[in-house]
Amino acid sequence: MTVNPSGVQDVNGYVLNNLPGRVDVQVGDATASGVVNSADISLVKSKSGSVPGSTNFRRDVNADGNINSADISLVKSKSGTGLP
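Remember, it's a predicted structure, so these values are computed and weren't measured experimentally.

### Quick notes on the overall build of the protein
Inference 1: Assigned secondary structure in the protein consists of two helices and four strands.
Inference 2: Put simply, the protein runs from its N terminus to its C terminus through helices and strands in the order β-β-β-β-α-α.
Inference 3: Overall, the protein is about 45 × 30 × 20 Å in size when its C-alpha atoms are taken along their principal axes.
Inference 4: Looking at the protein as a whole, 21% of its 84 residues are labelled buried.

In structure tokens form, the structure reads like this:
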């Protein structure tokens, strides 16, 4: 995903217009390691039944507002994948 901010100021007060930035997202990477593996599966399983909040939102992989078996299944289906 490429983001093009407009009118954003840096810490020195300089305005950054149309400066593209890249954001990489790996579906199922609950640990934010860049790869999906057994650690992600275990983490999502351990939070199953929880409501996502500010500290565990990455575990709601399908972003449906619940951490449950659907999230675990999605992480399992992405196991072995990673960012380039």
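### Focus: unusual backbone geometry
Inference 1: Here the phi dihedral of Ala32 falls at roughly 60°; this positive angle occurs in a residue that is not glycine.
Inference 2: Along the chain, Ala32 falls in the loop between β4 (21-22) and α1 (38-46).
Inference 3: Of note in the backbone geometry, Ala63 takes a positive phi value of approximately 55° without being a glycine.
Inference 4: Relative to the elements of secondary structure, Ala63 occurs in the loop between α1 and α2 (69-78).

### Quick look at the environment of Ile41
Inference 1: Relative to the helices and strands, Ile41 resides in helix α1.
Inference 2: Residue class for Ile41 comes out buried when judged on its relative accessible area of 15%.
Inference 3: The spacing of Ile41 and Asn62 is 21 residues in sequence and 14 Å in space, taken between C-alpha atoms.
Inference 4: Once residues within four sequence positions are removed from consideration, Ile41 is found in contact with Val75, Lys76 and Ser79.

About the thresholds
- Within every chain, residues take consecutive numbers counted from 1 along the sequence as written.
- Whole-chain, interface and lining totals are the exception, using all residues; otherwise, since this is a predicted model, local features are given only for residues with pLDDT of at least 70 and side-chain atom pairs are given and counted only at 80 or more.
- Computation of side-chain values: all heavy atoms of the structure, hydrogens and water removed.
- Runs of H or I in DSSP of at least four residues are treated as helices and runs of E of at least two as strands, each being numbered from the N terminus.
- Here the term buried applies to any residue with accessible area under 20% of the maximum for its type, exposed to any over 50%, and partly exposed to those in between, with areas from a 1.4 Å probe on protein chains only.
- Only heavy atoms enter the contact rule, under which two residues are in contact if any of them lie within 4.5 Å.

Fair warning: the whole summary comes from geometry, so function is off the table for now.
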